[in-house]
Amino acid sequence: MSGCDSESMAPNKVEVLNTSPFDGQKPGTSGLRKPVSVFQQPHYTENFVQAGLVAGLGDNLIGSSLAVGGDGRFYCAEAAQLIIKMAAANGVSKVVIGQGGILSTPACSHVIRQRRLSGGFILTASHNPGGPKGDFGIKYNTDNGGPAPEAITNRIFELTKSIENYKIVPNLKVDINNIGNHQFKVNGADFFVEVIDCTQDYVDLMKSIFDFDLIKHHFQDKNLLLNAMNGVTGPYIKKIFIDEMGMPDSTCLNCKPLIDFGGLHPDPNLTYAADLVAMMKKGKHDFAAAFDGDGDRNMILGKSAFFVTPCDSLAVLAANLECIPYFKQQGVKGFARSMPTSGALDLVAMELNKECFETPTGWKFFGNLMDAGKINLCGEESFGTGADHVREKDGVWAALAWLSILASTGKSVEDLLIDHWTKYGRNYFTRYDYENVTSEAGEKLMENLNKMLADPKTKHMTFSDPTGKLYKMKDLDNFMYTDPIDGCVTKNQGIRFLFEDGSRIIYRLSGTGSSGATIRLYIEGYEKYDDPDLYKKDAQEVLRPLIEIALRNSKLKDVTGRDEPTVIT
């Protein structure tokens, strides 16, 4: 094999090192995320990886194969080498890793699926800040390319609480910066490491889904902006839009993956991508998209910074999938959305006579539905959109899907939205994020709300706004989901106040932070107007009465001590 030498073929000794458990190694909706300094503690990363190998692969660990890749943030390279050493020691036969340890989350999912690997480790904290003082994360994905289901993540957590030792080949060294194959002998068995081009497999997949020539022709006299925010998507968008489509270099911004994202907060929303919003407000560009650190989230903007909410983005894509060759060929079976995501998708599903599922937050719930052939498109309000080509949300795919629809319809982003709302009505939606509040404050808020749920009087409450409009409670609950495929029950996914006019107020503690708690408040109100111009009303203005009710009802300011949210979307 290329890349082999006598040193790499030399025997490598497996060592079993004693360790003891660390508190709090429970994976969230997207793996384990903590400050870098936590992962750098002796044995901390090793404990979690060992638990992931055992829980993820079980009796199939010996002779298995794994993908490894990350978003390039600080500590990715070190963690990748650790995983290779531990995979070898635990009997894994092959590791496929992106060059330099780089693989976007959707690209890693595709590598697992395309090469029929046993699973994979994705090294990312997604949209969280990077650098030595930033965050790091590890997520285990299964052989379908998707995030591990709760049965596996719960098993990982249980193992971390009782772990006594882990296996490692400490002297095994692999050059992951150059594409090639490496072969080693570990305990007499062959162990292979394949370093691959991080973009090629994924770009080939995108070319099989979309009509690149159509997009290239339609936008040759228009101006696009694609902002990688110094995350992992930089090499991918350069390969697609500059190399494949011949667009100018100025199309792609912040394309070099940096260990600290160049000081940027790689979260594609109006707050953290404010520089892109400012550029679009000048009116010189027709379309823009921004992506997060690991490439699974996206923000879509039209001319003059016309903002497309993730909820509306999902609904518009669902209504126009026939513009994409992939769906023309295979058809569309159904849709799914996370519970906090607005009901805009439901209206499209009803019109198209397609099934629409409401799931807890977390892409692993969509994976079961996809594998069962129930859905082809899904999304979350947290800027995540994807389809059944992989088992992760996919930011670059979402941008290409939008460009395909714009090219096919000849409409602008704003016109497409106005036409959509005119047909379906508009689900006005906003999300308030209160980041890094104390865990005690988060728990207190949910405790107070649960007390309201338990009070029979709450169900019959009526709220009023300053204009005198009444919001009558229709129902309230703490969202629970029974998976229609495997029957697993997931509880306590968010407290919902559901009103008779279709409005919703939802409170949820997020599982994607690295410390403290993030409280998310979701507000939704539905309107259907005769005059299309009325749909241009600002969501914050339309929803202001419900926002005030939500804050007053929960006493959120009193509990958290916060006058304003960290981020509003």
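All values reported here derive from a predicted model rather than from experimental measurement.

Undergrad: Would you take a moment to explain the overall build of the protein chain for this structure?
TA: In terms of helices and strands, the protein chain carries 19 helices and 28 strands. With respect to the three principal axes, the spread of C-alpha positions in the protein chain is 80 × 60 × 40 Å. In the protein chain, buried positions account for 60% of the 569 residues. Taking all contacts inside the protein chain whose residues are at least 6 apart in sequence as the whole, residues at least 24 apart take part in 71%. About 21900 Å² of surface is accessible on the protein chain, with carbon and sulfur atoms providing 47% of the total. Each charge class in the protein chain was averaged separately, 60 positive and 71 negative side chains, and the resulting centres sit 2 Å apart.

Undergrad: Sorry, what's going on with the sheet that holds strand β16 (residues 334-338) here?
TA: Neighbouring strands of a sheet are bound in pairs by backbone hydrogen bonds; such pairs are parallel or else antiparallel. The strand order across the open sheet formed by four strands is β17-β16-β18-β19, and the pairing between neighbours is mixed. For this open sheet the edge positions go to β17 (355-359) and β19 (384-387), each flanked by a neighbour on one side alone. Each strand of the sheet is rotated relative to its neighbour by a mean of 15 degrees, with strand direction disregarded. Bridge analysis of strand β18 (residues 377-380) against β19 gives four bridges, and the strand direction is antiparallel. When the bridges of β19 are listed, Leu-377 appears paired with Ala-387. Contacts between helix α13 (residues 344-352) and the sheet are confined to β16 and β17, with β16 contributing the most and set at about 165 degrees to the helix.

Undergrad: In this structure, what is going on with empty space enclosed by the protein? I would like to understand it.
TA: One simple way to see leftover space: roll a probe sized like a water molecule over the atoms. Overall, the coordinates contain four cavities of 30 Å³ or more when judged by the stated rule. Here the second largest cavity defines a volume of roughly 80 Å³. Forming the boundary of the second largest cavity are 13 residues, of which Gly-31, Lys-139, Tyr-140, Ala-148 and Thr-153 lie nearest the centre. Listing elements by their share of the lining of the second largest cavity, those giving two or more residues are β7 (135-141) and α6 (150-160). Here the residues of the lining of the second largest cavity are counted per class, giving six nonpolar, five polar and two charged.

Undergrad: What exactly am I supposed to notice about the nonpolar core here?
TA: The nonpolar side chains of soluble globular proteins are, as a tendency, buried together. Ranked by size, the top nonpolar core spans 107 residues in total, and within it Trp-397 and Trp-402 carry the most contacts. Considering every element that reaches this core, the biggest residue donor is helix α15 (residues 395-409), with 11 residues. Excluding residues within four positions of it along the chain, Trp-402 makes contact with Phe-287, Ile-300, Val-308, Ser-313, Val-316, Leu-317, Val-413, Leu-416 and Leu-417. In terms of nonpolar packing, the next biggest core, distinct from the first, is built from 49 residues, Leu-32, Leu-66, Ile-138 and Val-169 among them.

Undergrad: Can you walk me through the pattern of salt bridges in this structure?
TA: Side chains that differ in charge, positive against negative, can pair when their charged atoms come close. What the rule picks out here adds up to 29 salt bridges. Among the ionic pairs, Lys-94 bridges to Glu-194, the shortest N-O distance being 3.0 Å. Of the two residues, Lys-94 is situated in strand β5 (residues 94-102) and Glu-194 in strand β10 (residues 189-196); the sequence distance between them amounts to 100 residues. Exposure remark for Glu-194: the relative accessible area of 16% places this residue in the buried category. Where Glu-524 meets Arg-504, a salt bridge forms, and the shortest distance between an N and an O atom there is 2.8 Å. Linking Glu-524 in strand β27 (residues 517-527) with Arg-504 in strand β26 (residues 504-509), this pair joins segments that are 20 residues apart in sequence. Each of the two residues, Glu-524 as well as Arg-504, counts as buried. Several salt bridges share partner residues, and in doing so they unite Arg-337, Asp-346, Glu-358, Asp-477, Arg-496, Arg-504 and Glu-524 into one network.

Undergrad: In this structure, what is going on with the packing of helix α11 (residues 310-319) against α13? I would like to understand it.
TA: Two quantities define a packed helix pair, namely the angle between the axes and the distance from one axis to the other. α13 packs onto α11 with a crossing angle of 15 degrees between their chain directions and a minimal axis gap of 8 Å. Classed by the angle they form, the pair α11 and α13 counts as roughly parallel. Crossing handedness for the pair α11 and α13: right-handed. Of the residues in α13, those in contact with Cys-311, Asp-312, Leu-314, Ala-315, Ala-318 and Ala-319 of α11 are Ala-344, Leu-345, Val-348 and Leu-352. The class makeup of the residues in the contact of α11 with α13 is nine nonpolar, no polar and one charged.

Undergrad: How do you make sense of the side chain of Asp-433 when you look at a structure like this?
TA: Following the sequence through the fold, Asp-433 ends up in strand β20 (residues 426-437). A distance of 2.7 Å separates a polar atom in the side chain of Asp-433 from a polar atom in the side chain of Arg-431. Within the structure, the side chain of Asp-433 is placed 2.7 Å from the side chain of Arg-520, a separation counted as a polar contact.

Undergrad: For this particular structure, what's the right way to read the environment of Lys-474?
TA: Relative to the helices and strands, Lys-474 is located in strand β22 (residues 470-478). The sequence separation of Lys-474 and Lys-139 amounts to 335 residues, and the corresponding C-alpha distance is 39 Å. What Lys-474 contacts, discounting residues up to four positions off in sequence, is Lys-459, Leu-498, Phe-499 and Glu-500.

Undergrad: Which parts of the structure should I look at to understand the packing of α13 against helix α16 (residues 413-424)?
TA: Two elements in contact, α13 and α16, have axes whose closest approach is 11 Å; the angle formed by their N-to-C orientations is 70 degrees. The angle between α13 and α16 places the two elements in the roughly perpendicular class. Between α13 and α16 lies a crossing whose hand is left-handed. Contact residues: Leu-347, Val-348 and Glu-351 in α13; His-420, Lys-423 and Tyr-424 in α16. For the contact of α13 with α16, the per-class residue count stands at three nonpolar, one polar and two charged.

Undergrad: Whenever I open this one, the sheet that holds strand β11 (residues 224-227) confuses me. Can you help?
TA: Taken in spatial order, the five strands line up as β12-β11-β13-β14-β15 in an open sheet, and their pairing is mixed. Looking at which strands have only one partner, the edges of the open sheet turn out to be β12 (252-253) and β15 (306-308). Both strand β14 (residues 298-302) and β15 contribute to a ladder of three bridges, which runs antiparallel. The partner of Ile-300 across the bridge, within β15, is Val-308. Across the face of the sheet, helix α10 (residues 274-281) comes into contact with β11, β12, β13 (287-291) and β14 while running at roughly 15 degrees to β14. On the sheet, α15 packs against β11, β13, β14 and β15 and is oriented at approximately 165 degrees with respect to β13.

Undergrad: Any chance you could explain α6 here in plain terms?
TA: What sets the pattern is the α-helix's 3.6 residues per turn: residues three or four places apart point alike. Of all the residues in α6, the buried ones are Ile-152, Thr-153, Ile-156, Phe-157, Leu-159 and Thr-160. Axial view of α6: buried residues confined to an arc of 165 degrees, hence all on one face. Where the residues of α6 are buried, they touch α3 (44-57), β7 and α14 (364-371).

Calculation notes
Position numbers for residues count from 1 along each chain, tracking the sequence in the order it is written. A pLDDT threshold of at least 70 governs which residues receive local features in this predicted model, and a stricter bar of 80 or more applies before side-chain atom pairs are shown or counted, although totals over entire chains, interfaces and linings include all residues. Side-chain metrics in this entry use all non-hydrogen atoms of the structure; hydrogen atoms and water are not considered. We count a stretch as a helix when DSSP gives it H or I for four or more residues in a row; a strand needs E for two or more, and each element gets its number in order from the N terminus. Three exposure classes are used, based on accessible area relative to the maximum for each residue type with a 1.4 Å probe and protein chains only: buried under 20%, partly exposed in between, and exposed over 50%. The criterion used for residue contact is that any of the two residues' heavy atoms lie within 4.5 Å. Note on areas: these come from Shrake-Rupley sampling with a 1.4 Å probe, and a residue is covered only by the protein chains present in the view. Charged residues are defined here as Lys and Arg on the positive side and Asp and Glu on the negative side; His and the ends of the chain fall outside this count. Every charge is mapped onto a representative atom, which is NZ of Lys, CZ of Arg, CG of Asp or CD of Glu. If DSSP finds at least two bridges between two strands, the strands pair. Angles run from 0 to 180 degrees between N-to-C directions of axes, and those axes are lines fitted to C-alpha atoms, restricted for helices to the stretch in contact. Grid points spaced at 1 Å and placed over the protein atoms alone form the basis of the search, with a cavity being a set where a 1.4 Å probe fits but cannot get out and a pocket an open set showing protein on both sides within 12 Å along at least five of seven lines. Lining residues have an atom within 4 Å of a point. Grid points are joined across faces, edges and corners, and a volume is the space filled by probe spheres set on the points. When residues are grouped by polarity, Ala, Val, Leu, Ile, Met, Phe, Trp, Tyr, Cys and Pro land in nonpolar, Asp, Glu, Lys and Arg in charged, and all others, Gly among them, in polar. Residues enter a nonpolar core if they are buried and are Ala, Val, Leu, Ile, Met, Phe, Trp, Tyr or Cys, with the set joined through side-chain atoms within 4.5 Å. When a carboxyl oxygen of Asp or Glu lies within 4 Å of a side-chain nitrogen of Lys or Arg, that pair is called a salt bridge. Note that the term roughly parallel is reserved for angles under 35 degrees, roughly antiparallel for angles over 145, roughly perpendicular for angles of 65 to 115, and oblique for everything else. Crossings are classed by handedness, with left-handed meaning an anticlockwise turn of the near helix from the far one by less than a right angle and right-handed meaning a clockwise turn. Any pair of N or O atoms that falls within 3.5 Å is considered a polar contact. Within protein, one atom must be able to donate a hydrogen and the other to accept it, and sequence-neighbouring residues count only if both atoms are side-chain atoms. Directions from the helix axis toward the C-beta atoms define the arc.

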